[in-house]
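Okay, here's what each chain looks like letter by letter:
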Amino acid sequence: MKILVAVKRVVDYNVKVRPKSDGTDVDIANAKMSINPFCEIAVEEAVRLKEKGVATEVVAVSLGTKQSQEQIRTAMALGADRGILVETDTELQPLGVAKCLNAIIAKESPDLVIMGKQSIDGDNNQTGQMLGALSNMPQGTFASEVAVEDGTVNVTREIDGGLQTVKLNLPAIVTTDLRLNEPRYASLPNIMKAKKKPLDTTTPDELGVDVAPRVQTLKVEPPAERSAGIKVADVAELVEKLKNEAKVI
Amino acid sequence: MPSTPNSEFITAPSDQRRQQVAEQLRAFIDADKVRIDEESLQGHGCDWTKLYKVNPLAIVFPKSVEQVQQLVRFACDEKIALVPSGGRTGLSGGAVASQGEIVVSFDYMNQMSDFNAVDRTVVCQPGVITQQLQDFAEEQGLYYPVDFASAGSSQIAGNIATNAGGIKVIKYGMTRDWVAGMKVVTGTGELIDLNKNLLKNNTGYDLRHLFAGSEGTLGLIVEATMRLTQPPKDLSVLVLGVSEMSAIMEILRAFQNRMPLTAFEFFSESGCKLTTAHGLQRPFESETPFYVLIEYENQSEQDAETAMEVFEYCMEQGWVLDGVISQSESQAENLWALRENLGECCAPFTPYKNDISVTTSQVPGFLEDIDAVVSQAYPDFTLVWWGHIGDGNLHLNILKPEDMAKEEFFEKCQAVNKQVFEIVENYQGSISAEHGVGLVKRDYIQYTRSDADVALMQGIKAVFDPDNIMNPGKIFNS
Ligand SMILES: Cc1cc2nc3c(=O)[nH]c(=O)nc-3n(C[C@H](O)[C@H](O)[C@H](O)COP(=O)(O)OP(=O)(O)OC[C@H]3O[C@@H](n4cnc5c(N)ncnc54)[C@H](O)[C@@H]3O)c2cc1C
């Protein structure tokens with residue numbers, strides 16, 4: 001069984017991004033970049049399936065600038081067997097990404113595609129679902145447990161108010177939620193080995209996909225600053241303020 | 001404990017006496033900032049050591065320099081000793097009041113002001129929490145580099161009074177290196193301004209440095225101007241599994257020959273077991289006797305390459321068995337937690353702690369000697385080693401077996417103290433690398449400082465504190 005995992009290069013989760021002064025975008029020049037945490041979980045899940053003998057090959061795909069190679073190398077250090085970079089300097093949006101991934105699926109014919117439920121930069125939560133529609137494959141989103149058996153995959157999903165398990169015929173798409181697993185650290189010996197693993201590069205053009213943005217960002221601005229809190233003298237004053245100023249009681 | 005002021009000889013102040021003194025103090029300190037209730041007395045009367053009988057006369061929270069001066073003059077007149085108290089995270093008993101002293105807490109003098117972007121300095125009241133300063137620096141796009149696991153509770157004046165070190169000393173030095181100037185109230189109640197924040201000031205003795213590490217024995221630090229610096233860029237963290245102690249210094253040398261490091265720490269497998277039992281993920285599956293944590297700045301792509309090359313070299317030499325590298329800041333934090341959570345994970349075992357140092361080059365022989373003595377003396381005890389080993393600083397922790405009484409355990413540990421400190425003396429090392437002397441190490445100071453040395457220190461104390469009211473009995477008998 002072959003698994004395709006998608007990995008995205010994003011601003012590190014711990015970096016506090018600020019809007020550019022002209023309000024056109026967020027300023028991420030010189031910011032630390034890392035693998036999207038949900039993608040990392042996807043890689044871990046794929047590697048575990050391989051370690052269990054369920055999967056035979058794990059292919060990591062990333063779309064973006066040349067530097068996205070770093071995240072593919074990370075995925076390979078974690079256990080992916082080879083990598084594909086779809087290189088472009090264009091700003092990528094979910095539809096463009098889904099189309100590229102669909103083109104890769106056509107070439108690679110994976111039995112399972114595992115990807116993050118969303119990336120922490122755009123927080124779109126669309127790519128997996130769009131890919132499901134484009135590829136005509138069943139989808140199990142927000143997975144907290146994945147079990148493959150006899151040509152099907154059982155995906156336990158985190159939904160409002162509980163868990164739901166869906167059974168999908170392979171090939172299928174799974175998007176990961178936070179509790180699916182705890183990714184391992186990249187081991188240094190494996191990083192060394194990952195350098196020798198094959199990494200192919202292609203482009204949206206070569207895949208025949210137009211990735212031009214469909215959605216335009218009008219303006220980026222910081223959220224309104226919260227005004228500083230005050231200390232009240234006693235409970236009576238608190239109640240008075242809640243009643244008359246905040247008007248919540 | 002040998003230096004415990006014995007409770008048999010010191011009777012607790014009576015309630016009446018406490019009431020009377022509180023009354024007097026309230027003449028110049030806000031009424032609610034003078035406390036004699038049992039909870040305050042016990043809580044603010046001691047530091048992290050929890051080894052001593054706590055017996056303060058009162059706890060006072062001054063809110064201004066003037067109040068501090070009045071308090072000192074009052075103490076002189078009444079011949080009452082003062083114990084300065086910061087975040088009470090000290091590990092040497094420096095902030096313990098066991099002889100009926102008044103504890104001076106700076107919890108309510110905790111403001112920062114006068115940030116100067118050109119000088120890169122900020123003025124701190126004594127009670128500013130270390131982390132508060134770190135966060136402030138970050139907001140300004142700057143960095144306060146002194147850091148350790150207790151930074152969320154310890155205070156700047158406490159850090160200065162202990163000259164705290166921590167996890168970044170290898171690159172940034174100790175607390176004293178970050179004090180541009182400070183104001184202190186001496187034992188006579190006099191306010192003096194030390195160094196006035198100058199970078200260059202060769203006008204005689206730099207008294208500022210006497211206060212760094214003074215443990216409250218010379219006077220009260222009532223203000224400190226702290227320096228800030230450029231933040232480090234893109235830190236990566238490696239955790240390597242090491243085959244034996246002697247390999248650790250080879251690894252340090254191999255890395256330092258090729259790249260500047262911001263941290264070089266180590267811990268033992270026994271420590272790794274403790275932190276992972278509290279939910280942290282193991283760095284890698286295999287267990288190795290020791291682990292080193294290395295942190296460096298990724299100034300350019302070349303740095304990651306260099307780190308990999310050195311790692312490969314260390315593997316080839318057989319020093320390193322396995323290793324991981326952080327791929328994100330969250331991972332870097334989690335790897336750091338393996339080292340930084342050790343103190344707290346050990347705490348429930350009432351550990352016996354040692355904080356010893358030698359010059360870095362002597363660490364391997366020193367370690368071997370200490371390890372031999374300690375494992376012979378404690379074949380059944382769990383030893384947890386960790387430390388800022390890049391600075392030659394080792395923390396040895398011995399965990400109390402659950403079924404052994406505290407007294408028996410400490411008695412057993414005391415027996416080996418002498419042997420350990422004799423080795424320290426042979427290597428011309430320090431019996432207290434960064435935690436200070438306080439009460440815990442007082443009776444052992446001669447292993448590191450000569451009689452003449454101690455006499456001079458006592459002489460200096462007498463100059464600043466003629467009435468001997470400033471934390472008497474700490475560092476040396478006074
Ligand atoms: C989990 C843990 C990890 C630690 N790690 C490290 C580490 O890596 N490196 C390290 O160096 N230390 C470490 N420590 C020890 C401790 O945190 C430091 O010694 C710290 O600097 C103490 O600061 P504090 O404000 O808590 O001082 P306190 O414990 O309250 O007092 C320490 C000394 O300073 C004096 N003092 C306090 N305020 C004043 C003042 N205004 N004027 C004059 N004297 C004053 C006290 O009298 C006392 O002698 C650790 C402690 C813990 C609990």
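Here the structure is a predicted model, which means the values were calculated and not measured. (Residues numbered from 1 in each chain as written. Chains lettered and ligands numbered in written order. Predicted model: local features only at pLDDT ≥ 70, side-chain atom pairs only at ≥ 80, totals over all residues.)

**A few points about the overall build of chain A**
Quick reminder of the rule: Strands here mean DSSP runs of E at least two residues long; helices mean DSSP runs of H or I at least four residues long; both are numbered from the N terminus. Residues with at least 20 other C-beta atoms within 10 Å of their own are called buried, those with 12 or fewer are called exposed, and the rest are partly exposed. The C-beta atoms themselves are positioned from the backbone. Any residue pair is listed as a contact if its two C-beta atoms, each placed from the backbone, are within 7 Å.
Each helix and strand in chain A was counted, giving 7 helices and 14 strands. C-alpha atoms of chain A, sized along the principal axes, occupy 70 × 40 × 40 Å. With 249 residues in all, chain A has 40% of them scored as buried. Across chain A, every contact between residues at least 6 apart in sequence was considered, and the portion connecting residues at least 24 apart equals 69%.

**Remarks on the overall build of chain B**
The test is simple: This radius of gyration counts C-alpha atoms alone. The globule rule is 2.2 Å times how many residues there are, raised to the power 0.38.
Looking only at helices and strands, chain B features 15 helices and 16 strands. Compactness check: chain B gives a C-alpha radius of gyration of 23 Å against a globular reference of 23 Å for 478 residues, within 12% of the reference. On the principal axes, the C-alpha backbone points of chain B span a range of 70 × 55 × 45 Å. Sorting the 478 residues of chain B into buried and exposed places 49% on the buried side.

**Section: the sheet that holds strand β16 (residues 393-399) of chain B**
Which entries qualify depends on this criterion: Note on pairing: DSSP must find at least two bridges between two strands before they are called paired. Angular values range over 0 to 180 degrees, each being the angle between N-to-C directions of two axes fitted as lines to C-alpha atoms, with helices fitted over their stretch in contact.
Taken in spatial order, the 8 strands make up an open sheet running β13(A)-β13(B)-β10(B)-β12(B)-β11(B)-β15(B)-β16(B)-β14(B), and their pairing is antiparallel. Looking at the sheet topology across the chains shown, the edges are occupied by β13 (186-187) of chain A together with β14 (352-357) of chain B. Where strand β10 (residues 235-242) of chain B and strand β12 (residues 290-297) of chain B come together, 8 bridges link them in antiparallel fashion. Along β12(B), the bridge assignment pairs B:V237 with B:E295. Strands β10, β11 (263-268), β12 and β15 (382-387) of chain B of the sheet are contacted by helix α11 (residues 329-340) of chain B, whose axis makes an angle of about 45° with β10(B).

**Focus on the sheet that holds strand β10 (residues 152-159) of chain A**
The strands that make up a sheet are held in pairs by hydrogen bonds between backbone atoms, and each pair lies either parallel or antiparallel. Residue and element names in this part refer to chain A. Read across the open sheet, the 9 strands follow the order β11-β10-β9-β12-β8-β1-β6-β7-β14; overall the sheet is mixed. Two strands lie at the open edges of the sheet, namely β11 (162-169) and β14 (199-202), each paired on one side alone. Going from strand to strand, the sheet's axes swing by 30° on average, the running direction of each strand aside. Where strand β6 (residues 57-64) and strand β7 (residues 82-87) come together, 6 bridges link them in parallel fashion.

**With respect to the confidence of the model for chain B**
Residues and elements named next belong to chain B. Selection criterion: For every residue, the pLDDT score states the predictor's confidence, bounded by 0 at the bottom and 100 at the top.
For chain B, the average pLDDT comes to 92, and 98% of its residues sit at 70 or higher. Strand β9 (residues 219-227) holds the highest mean pLDDT among the elements of chain B, 98, whereas helix α13 (residues 363-377) holds the lowest, 85. Both scores are available for the predicted complex, with the pTM at 0.84 and the ipTM at 0.82.

**Points about the environment of B:V358**
Inspection of the secondary structure puts B:V358 in the loop between β14 and α13. Setting aside chain neighbours within four positions, we find B:V358 in contact with B:V363, B:F366, B:G392, B:Y427 and B:G429.

**A word on the site of the ligand**
Residues and elements named next belong to chain B. We apply this condition: Using a C-beta atom placed from the backbone for every residue, we mark a residue as near a molecule or strand if that atom lies within 6 Å of it. As a working rule, the residues Ala, Val, Leu, Ile, Met, Phe, Trp, Tyr, Cys and Pro are called nonpolar, Asp, Glu, Lys and Arg charged, and the rest polar, with Gly in that last group.
Around the ligand sit 39 residues in total, of which G86, G90, G94, G158 and G216 are the nearest. Broken down by secondary-structure element, the contributors of at least two residues to the shell around the ligand are β3 (82-85), α5 (156-162), β9 and α12 (342-346). Among the elements that make up the shell around the ligand, the one with the highest residue count is α5 (5 residues). Considered class by class, the residues forming the shell around the ligand number 14 nonpolar, 19 polar and 6 charged.

**Examining the interface of chain A and chain B**
In this complex, chain A contributes 15 residues to the contact, which on the side of chain B involves 16 residues. With 4 residues, helix α5 (residues 188-194) of chain A is the largest single contributor of residues to the side of chain A that touches chain B. Of the residues contributing to the side of chain A that touches chain B, the split by class is 8 nonpolar, 4 polar and 3 charged. Pairing analysis gives 2 bridges linking β13(A) to strand β13 (residues 320-325) of chain B, with the strands arranged antiparallel. Bridging from a neighbouring strand, A:S187 pairs with B:V324 of β13(B).

**Side note on the nonpolar core**
For the record, the criterion: Nonpolar core, as used here: buried Ala, Val, Leu, Ile, Met, Phe, Trp, Tyr and Cys residues forming one set through C-beta atoms within 7 Å.
Core analysis: the biggest nonpolar cluster contains 190 residues, and A:V5, A:V43, A:A60, B:V60, B:M226, B:I248 and B:I251 have the highest contact counts within it. The element best represented in this core is helix α1 (residues 37-51) of chain A, accounting for 8 residues. For A:A60, the residues in contact, after removing those within four places along its chain, are A:V5, A:V7, A:V43, A:I72, A:A75, A:M76, A:A80 and A:G83.

**Some points on α1(A)**
Residue and element names in this part refer to chain A. Applicable threshold: In this scheme, a helix's expected span is set at 1.5 Å multiplied by one less than its residue total.
The end-to-end C-alpha distance of α1, which contains 15 residues, comes to 21 Å, matching closely the 21 Å that a straight helix rising 1.5 Å per residue would cover. For α1, the set of buried residues is P37, F38, C39, E40, I41, A42, V43, E44, E45, A46, V47 and L49. Positive phi appears at G53, one or two residues downstream of α1, with a value of about 85°.

**Structural notes on the packing of α13(B) against helix α14 (residues 406-426) of chain B**
Residue and element names in this part refer to chain B. Heads up, the condition is: With respect to orientation, any angle under 35 degrees is reported as roughly parallel, any angle over 145 as roughly antiparallel, any angle of 65 to 115 as roughly perpendicular, and every other angle as oblique.
One way to put it is that α13 packs onto α14 with a least axis distance of 10 Å and a crossing angle of 170°. Here α13 is positioned roughly antiparallel relative to α14, judged by the angle of their axes. Every residue of α14 that contacts α13 at F366, D369, I370, V373, V374 and A377 is listed here: V416, Q419, V420 and I423. In terms of residue class, the contact of α13 with α14 is made up of 8 nonpolar, 1 polar and 1 charged.

**Points about unusual backbone geometry**
For residues other than glycine, phi is negative in most cases, and the peptide bonds are mostly trans. All names here are of chain A. Residue P171 is reached from L170 by a cis peptide bond, and omega for that bond is -5°. The topology assignment puts P171 in the loop between β11 and β12 (172-176). The phi dihedral of N30 falls on the positive side, at around 65°, and the residue is not glycine. Looking at N30, the number of C-beta atoms within 10 Å reads 9, which means it is exposed.

**Concerning the pairing of β16(B)**
Residue and element names in this part refer to chain B. Summarising burial for β16: 6 of the 7 residues are buried, a large majority. Looking at chain direction, β14 and β16 are connected through 6 bridges and run antiparallel. Pairing of I356 across the sheet is with L394, part of β16. For β15 and β16, the ladder comprises 5 bridges, and the chain directions are antiparallel. Within β16, the position partnered with W386 by the bridge is H395. Once β15 ends, the chain turns through 5 residues before running back antiparallel as β16, passing G392 with a positive phi of about 75°.

**Overview of the pairing of β12(A)**
Residue and element names in this part refer to chain A. Of all 5 residues making up β12, 5 are buried, and the element is well covered by its neighbours. When strand β8 (residues 112-116) meets β12, the two strands line up parallel, connected through 5 bridges. From the neighbouring strand, V113 faces β12, where its bridge partner is I173. Judged from the 3 bridges that link them, strand β9 (residues 139-149) and β12 form a sheet pairing that is parallel. Of the residues in β12, the one forming a bridge with Q139 is I173.

**A few points about the packing of helix α3 (residues 94-108) of chain A against helix α4 (residues 127-135) of chain A**
Residue and element names in this part refer to chain A. Cut-off, in case you're wondering: Whether a crossing is left-handed or right-handed is set by the direction in which the near helix is turned from the far one by less than a right angle, anticlockwise for left-handed and clockwise for right-handed.
Interaxial distance between α3 and α4 falls to 9 Å at its minimum, and their mutual angle equals 45°. Classified by the angle between their axes, α3 and α4 sit oblique to one another. Of the two elements, α3 crosses α4, and the hand of that crossing is right-handed. Of the residues in α4, those in contact with P94, L95, V97, A98, K99, L101, N102 and I105 of α3 are T127, M130, L131, L134 and S135.

**A look at the environment of B:P145**
Residue and element names in this part refer to chain B. For P145, the position within the fold is in the loop between α4 (130-139) and α5. A tally of 23 C-beta atoms within 10 Å means that P145 is categorised as buried. Residues within four places of P145 in sequence aside, it is in contact with K168, Y172 and T229.

**Some thoughts on the environment of B:S270**
Residue and element names in this part refer to chain B. Among the secondary structure elements, S270 is positioned in helix α9 (residues 269-277). By the C-beta count within 10 Å, which is 18 here, S270 ends up partly exposed. Along the sequence, S270 and L396 sit 126 residues apart, while their C-alpha atoms lie 12 Å from each other.

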